[in-house]
Amino acid sequence: MPGMFIDVEVDAKVAADAELTKKLVEVCTVSIFAAKDDGTLDIVEDNLDECVLCDLCIQAAPKGTVRVKKLYE
Amino acid sequence: MRFYEYESKALFAKHGLPLGTRQVVNSAAEARAAAEAIGGPTVIKGQVLSGGRMKAGAVKFADTPDEAAAEFEAVLPVIVNGESARSILIEEKSPIAHEYFVSVTWDGRRKLPVVLFSDMGGIDIEEVAETHPEHLSRTHFSTILPLSERVAKEAIGAVGVTGSDLNKLVPIVYKLIQLFLEYDLTLAEINPLAKLDDGRFIVLDGHLDMEAEARGDHKALLAELGIGDDETRQARPPTEFEIAGARVNAVDHRGVAGNVVEFDGNLGLIIGAGGGSLTLFDAVRKQGGKPANYCEIGGNPSMSKVKNLTKLILSKPGVDKIAVMMNVVSNTRVDIVARGVIKGCIEAGKDPAEVIAIFRIPGAWEDEGFKILAKHGVEYCDRSVSMYEAAGRACAKMGSN
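Residues numbered from 1 in each chain as written. Chains lettered and ligands numbered in written order. Predicted model: local features only at pLDDT ≥ 70, side-chain atom pairs only at ≥ 80, totals over all residues.

**Quick notes on the overall build of chain A**
Scanning chain A from N- to C-terminus turns up 3 helices and 4 strands. For chain A, the succession of helices and strands along the chain, N to C, is β-α-α-β-β-α-β. Across the 73 residues of chain A, 32% fall into the buried class. Considering only residue pairs separated by 6 or more positions, chain A has 57% of its internal contacts joining residues 24 or more positions apart. (Helix = DSSP H or I, 4+ residues; strand = E, 2+ residues; numbered from the N terminus. Buried ≥ 20, exposed ≤ 12 C-beta atoms within 10 Å, placed from the backbone. Contact = placed C-beta atoms within 7 Å.)

**Quick word on the sheet that holds strand β2 (residues 42–46) of chain B**
All names here are of chain B. The strand order across the open sheet built from 4 strands is β1-β4-β2-β3, with neighbouring strands paired in antiparallel fashion. Edge positions in the sheet fall to β1 (22–25) and β3 (59–62), since each has one partner strand and no second. Neighbour-to-neighbour, the strand axes of this sheet turn through a mean angle of 20°, independent of strand direction. (Pairing = 2+ DSSP bridges. Axes fitted to C-alpha atoms, helices over the stretch in contact; angles between N-to-C directions.)

**Things to note about helix α14 (residues 366–375) of chain B**
Given 3.6 residues to a turn, an α-helix orients residues that are three or four positions apart in the same direction. For α14(B), the complete set of buried residues consists of Glu366(B), Glu368(B), Gly369(B), Phe370(B), Ile372(B) and Leu373(B). In the segment just after α14(B), Gly377(B) is the residue with positive phi, at about 70°.

**Examining the nonpolar core**
Residue and element names in this part refer to chain B. Ranked by size, the top nonpolar core spans 68 residues in total, and within it Leu269, Ile270, Ile322, Ala323, Val324, Met325 and Ala391 carry the most contacts. By residue number, the principal contributor to this core is helix α12 (residues 334–347), which donates 7 residues. Apart from the residues within four sequence positions on either side, valine 324 is in contact with Ile270, Val337, Val341, Ile356, Phe359 and Ile361. Counting residues in hydrophobic clusters, the runner-up holds 59 residues, among them Leu89, Ile172, Leu185 and Met210. (Core = buried A, V, L, I, M, F, W, Y, C linked by C-beta atoms within 7 Å.)

**Some thoughts on the pairing of strand β5 (residues 96–107) of chain B**
Residue and element names in this part refer to chain B. As paired elements, β5 and strand β8 (residues 185–196) share 8 bridges and run antiparallel to each other. Counterpart to histidine 98 in the pairing with β8 is lysine 195. As paired strands, β5 and strand β6 (residues 112–118) are joined by 7 bridges and run antiparallel to one another. Looking at the pairing, serine 103 lines up with leucine 116 of β6.

**What to know about the packing of helix α9 (residues 240–250) of chain B against helix α11 (residues 303–315) of chain B**
Between two packed helices, what matters for the description is the angle formed by their axes and the separation of those axes. Residue and element names in this part refer to chain B. Packing of α9 against α11 leaves a shortest axis separation of 9 Å and a crossing angle of 170°. Classed by the angle they form, the pair α9 and α11 counts as roughly antiparallel. Every residue of α11 that contacts α9 at Ala244, Gly245 and Val248 is listed here: Lys305, Asn308, Leu309 and Leu312. Tallied by class, the residues present in the contact of α9 with α11 amount to 4 nonpolar, 2 polar and 1 charged. (Parallel < 35°, antiparallel > 145°, perpendicular 65-115°, else oblique. Nonpolar A, V, L, I, M, F, W, Y, C, P; charged D, E, K, R; others polar.)

**A few points about unusual backbone geometry**
Note that the residue after Asn191(B), namely Pro192(B), is joined by a cis bond; omega there is 5°. By the secondary structure assignment, Pro192(B) is in strand β8. Unusually for a residue other than glycine, Ser31(A) sits at a positive phi of about 55°. In this fold, Ser31(A) is placed in the loop between α2 (18–27) and β2 (33–35). Given 11 C-beta atoms within a 10 Å radius, Ser31(A) is considered exposed. The phi angle at Asn300(B) is positive, at roughly 60°, despite the residue not being glycine. In this fold, Asn300(B) is placed in the loop between β13 (293–298) and α11.

**Section: the interface of chain A and chain B**
Between chain A and chain B, the residue contacts involve 6 residues of the former and 8 residues of the latter. In terms of residue class, the side of chain A that touches chain B is made up of 3 nonpolar, no polar and 3 charged.

**Focus: the confidence of the model for chain B**
Summarising the model, chain B shows a mean pLDDT of 94, and 99% of its residues fall at 70 or more. Our summary of model confidence lists the complex with pTM equal to 0.69 and ipTM equal to 0.95. (pLDDT = per-residue confidence, 0-100.)

**Some remarks on the environment of Gly121(B)**
Residue and element names in this part refer to chain B. By the secondary structure assignment, glycine 121 is in the loop between β6 and α5 (125–131). Here the alpha-carbon distance between glycine 121 and histidine 135, two residues 14 residues apart in the chain, equals 9.8 Å. Ignoring anything within four residues of it in the chain, the contact list for glycine 121 reads Glu99, Tyr100, Phe101, Asn191, Pro192 and Leu193.

**Describing the pairing of strand β4 (residues 88–92) of chain B**
All names here are of chain B. In terms of burial, β4 is largely enclosed, as 4 of its 5 residues are buried. Relative to β4, β1 is paired through 4 bridges, and the arrangement is antiparallel. Bridging across to β4, valine 25 finds its partner in isoleucine 88. Bridge count for β2 against β4 is 5 bridges, and the pairing is antiparallel. Residue pairing for β4: glycine 46 is matched across the bridge by isoleucine 88.

**With respect to helix α2 (residues 28–38) of chain B**
Residues and elements named next belong to chain B. Turning to α2, its buried residues number three or more, namely Ala31, Arg32, Ala34, Ala35 and Ile38. Buried residues of α2, viewed axially, fall in a sector of 165°; they line one side. Where the residues of α2 are buried, they touch β1, β2, β3, α4 (65–75) and β4. (Arc of directions from axis to C-beta.)

**Concerning the packing of helix α10 (residues 276–286) of chain B against helix α15 (residues 387–397) of chain B**
Residues and elements named next belong to chain B. The contact between α10 and α15 brings their axes to 8 Å, and the two run at 45°. In terms of orientation, α10 lies oblique with respect to α15. Here the hand of the crossing between α10 and α15 comes out right-handed. When α10 is examined against α15, the residues Gly276, Thr279, Leu280, Ala283 and Val284 are found in contact with a partner set consisting of Met387, Tyr388, Ala391, Ala394 and Cys395. (Left-handed = near helix turned anticlockwise from the far one by under 90°.)

This is the structure in structure tokens:
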């Protein structure tokens, strides 16, 4: 479920990749990403609206696989 | 943060200011014993942080130890501006020949500390300033240049005090200035500073306020005076609303959304930035608005921190609308604050377009912020609208001007 202002979409292939998940968790300053027990990606919905639009997650993953959407545009 | 009188006097005594014999007591038996030890007439004073003790009946006089014990019982339950006495100070009653007033504080307009001195002490100094301005001197001094007794001498001499009285007063006033600077005080006041029948000078009552941000630099002194870290020492105990505001600020380290002070108006304020809080609060009041609160936001608070502050303010009974206003911001993001207040309104069950009277935060990421506000139908403005004008628009929506 998206936030009120921000939604983040991650391609299934990236979400299933434990290494990329680790990287996304590391770069996000507002903890939008978390790792599940099996190492795959979890998006913390409560934190979506904390997104500061830094684009670090976009840069950490292969081009086009992570998309940050501004729901107010 | 304010000091109780007995704490102020402990600090005065530590630095050699002349004081009468005194003792803090917590029972009638202790009061009787203290009066016996003093061996003469005494003054029984409730220890509260707010003013108006005498009028409220929290200061009494006794001629004998038994009277002192009885007056202890009379003073202890007296509530002064909603505040109970922490303890009672028993002090020798001194034969007063004349009363002076001296205060060291900051002059915000001149951006300098100032010594206020009057030879009409013991009464409200605002009254002296109004009715006998020639009896009140204002002497500014530098915090950069070396301090000398000359400042004290100028302040005292300016109201016509000369001779041995001047010579005796100078070291007292000079020490008060030194205390003011050494302990990062915002106010160091002695009123009255009494000349006794025998020509000696003593401090009868004192009032010290320390800059709250400086507490960390004076931990040793505060520990010596027995002041705990959890004591806010404001003019009155914090309200539930203020405690909840402090909690909002404390649970999230990101930025500031705090220093909430409760007022009884109907316009909630989310304000801040480089003195903006005070300016905006004054602007609202000057234009007939009735603030429900004061607060300070800045330093880039998180969305959730702003949201929780918004929800808290909207939960206050009597709050009809909120005004979200800041000076031009560089280290706080407009879009994050916009998200916080809108989400706070919605989670509080209110329509942001209805409940936000005005959003005036220009600066970093304002384009993003304005898109968010426009989408939710909130009235906003940029830096071309002054803070005063923005406050006026909020007041107009409340029917205040």
